[in-house]
Amino acid sequence: MSGQCRPCHSQPTDLVRLFLFIFRLERIVSLDYYQRHATELATRYQQVSARAVHGDWLTLLEPWLLAAPRRLLDVGAGSGRDAAFLAGLHQGNTVVAVEPCQALAAQGQCHTCEAAVAWVNDAMPALSRVTGTFDLILLSAVWMHLPPESRPLALARIHELLSPDGYLVLSLRLTVSELEMRERAMYPVAVDEVERLALEGGMTLLHVSEPQGDALARSGLSWQSLIIGGEYVRLP
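Residues numbered from 1 in each chain as written. Predicted model: local features only at pLDDT ≥ 70, side-chain atom pairs only at ≥ 80, totals over all residues. Heavy atoms only, no water.

S.K.: Would you mind going over the overall build of the protein with me for this structure?
M.R.: When helices and strands are counted, the protein shows 8 helices and 8 strands. Expressed as a percentage of its 236 residues, the buried residues of the protein come to 47%. Long-range pairs, those at least 24 residues apart, make up 70% of the contacts in the protein between residues at least 6 apart in sequence. Summed over its atoms, the accessible surface of the protein is roughly 11900 Å², and 56% of this surface lies on carbon and sulfur atoms. (Helix = DSSP H or I, 4+ residues; strand = E, 2+ residues; numbered from the N terminus. Buried < 20%, exposed > 50% of the residue type's maximum accessible area, 1.4 Å probe, protein only. Contact = heavy atoms within 4.5 Å. Areas by Shrake-Rupley, 256 points an atom, 1.4 Å probe, with all protein chains shown as cover.)

Right under this line is the structure:
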């Protein structure tokens with residue numbers, strides 16, 4: 001009987017290996033694009049202020065952010081624009097900026113050299129090099145790069161890193177073209193999916209913005225901002 005069971009037990013391992021292979025391949029595709037275009041992208045990102053991009057959720061959370069020193073995590077920190085902004089909101093703030101693309105991170109380090117920002121080469125969903133907990137975690141223009149299969153793991157890891165009274169701010173890119181899917185490894189996103197995963201993971205969706213135009217004025221592109229907290233967290 002035991003000999004007959006071995007093929008059945010090997011199937012999940014093979015599926016996991018296949019998933020990991022596909023995910024690594026997709027990540028390579030995405031990183032390659034950002035690696036090749038790092039200077040161009042960083043210049044573009046720096047042309048618009050963090051406040052212009054994040055005005056919706058800042059209206060709700062900025063008074064809380066200003067009230068005391070906070071420990072903040074910016075995942076997919078890119079050019080460092082948002083990390084520098086977050087560090088500057090309070091003299092006692094510390095920011096960990098996570099960026100998997102080394103060329104883009106180099107740009108970001110230049111833009112945050114005078115701010116309280118520590119850079120870490122890491123990536124979703126594992127974030128294995130990030131330690132501690134954070135009062136606010138920002139995932140800006142990141143979620144669409146995660147394959148749907150990896151999103152539950154990613155959100156579970158974020159939950160581990162979020163302080164009990166902290167907030168996760170997540171932006172959703174509502175329009176993804178077939179070309180971007182191929183060149184930049186992007187996937188469709190939806191508020192309903194995020195809310196379901198949050199509830200399954202013991203978190204609560206606290207705020208959903210109306211769809212907003214792109215701060216960089218890219219045609220046909222819109223975004224939504226979400227604020228998520230722990231099960232018993234409420235907006236300040």
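S.K.: When you look at the packing of aromatic side chains in this model, what are you seeing that I'm missing?
M.R.: Centre distance and the angle of the planes are the two values used to describe a pair of aromatic rings. Considering all chains together, one arrives at 1 aromatic pair under this definition. Arranged with centres 4.9 Å apart and planes meeting at 85°, the rings of Trp64 and Tyr167 form a pair that is edge-to-face. Here the residue Trp64 occupies a position in helix α3 (residues 50-67), and Tyr167 occupies one in strand β5 (residues 162-173), the gap between them amounting to 103 residues. Like Tyr167, Trp64 is buried. In this arrangement the basic side chain of Arg70 is found over the ring face of Trp64, its NZ or CZ atom lying 4.1 Å from the centre. (Phe/Tyr/Trp six-rings, centres within 6.5 Å; stacked < 30°, edge-to-face > 60°. Lys NZ or Arg CZ within 6 Å of the ring centre and 35° of its normal.)

S.K.: What exactly am I supposed to notice about unusual backbone geometry here?
M.R.: Cis geometry is adopted by the peptide bond preceding Pro125, which originates at Met124 and carries an omega value of 5°. With respect to the helices, strands and loops of the structure, Pro125 is situated in the loop between β3 (117-120) and β4 (134-139). Of note, Leu127 is a non-glycine position whose phi angle comes to about 45°, a positive value. Structurally, the position occupied by Leu127 is in the loop between β3 and β4. Its relative accessible area of 0% is what places Leu127 among the buried residues.

S.K.: In this structure, what is going on with the pairing of β5? I would like to understand it.
M.R.: The two faces of a sheet get side chains in turn, since along a regular strand they alternate between them. For β5, the tally of buried residues reaches 10 of 12 residues, placing the bulk of the element in the interior. As paired elements, β4 and β5 share 5 bridges and run parallel to each other. In the sheet register, Leu136 faces β5, and the bridge partner there is Tyr167. Sheet topology places β5 next to strand β8 (residues 222-230); 7 bridges connect them, and they run antiparallel. (Pairing = 2+ DSSP bridges.)

S.K.: Explanation requested: the nonpolar core in the structure shown.
M.R.: Note on soluble globular proteins: their nonpolar side chains tend to be buried together. Ranked by internal contacts, the top residues of the largest apolar core, which has 44 residues, are Leu73, Met124, Ile137, Leu139, Trp143 and Leu168. In contact with Leu73, other than residues within four places in its own chain, are Val96, Val98, Val130, Phe134, Leu136, Ile137, Leu138 and Leu161. The next biggest cluster of nonpolar side chains, apart from the first, holds 25 residues, and it includes Trp57, Ala83, Phe85 and Ala105. (Core = buried A, V, L, I, M, F, W, Y, C linked by side-chain atoms within 4.5 Å.)

S.K.: Sorry if this is basic, but what is going on with helix α6 (residues 151-161) here?
M.R.: For an α-helix the count is 3.6 residues per turn, leaving residues at separations of three or four pointing the same way. Within α6, burial applies to Arg151, Ala154, Leu155, Arg157, Ile158 and Leu161. Take α6 and look down its axis: the buried residues cluster within an arc of 160°, on one side only. Those residues of α6 that are exposed and aimed more than 90 degrees away from the buried face are Leu153 and Glu160. On its buried face, α6 sits against β1 (71-75), β4, β5, α8 (191-200) and β6 (203-208). (Arc of directions from axis to C-beta.)

S.K.: Just to check I follow, could you spell out the pattern of salt bridges for this structure?
M.R.: As a working rule, side chains carrying opposite charge can pair if their charged atoms are close by. Summed over all chains, the structure comprises 7 salt bridges. A salt bridge links Arg151 to Glu193; the shortest N-O distance between them is 3.0 Å. Here Arg151, found in helix α6, pairs with Glu193, found in helix α8; they are 42 residues apart in sequence, far enough to count as distant. Taken individually, Arg151 and Glu193 each receive the classification buried, so the pair is uniform in this respect. (Salt bridge = Lys/Arg side-chain N within 4 Å of Asp/Glu carboxyl O.)

Geometric descriptors of this kind do not, in isolation, establish any biological role.
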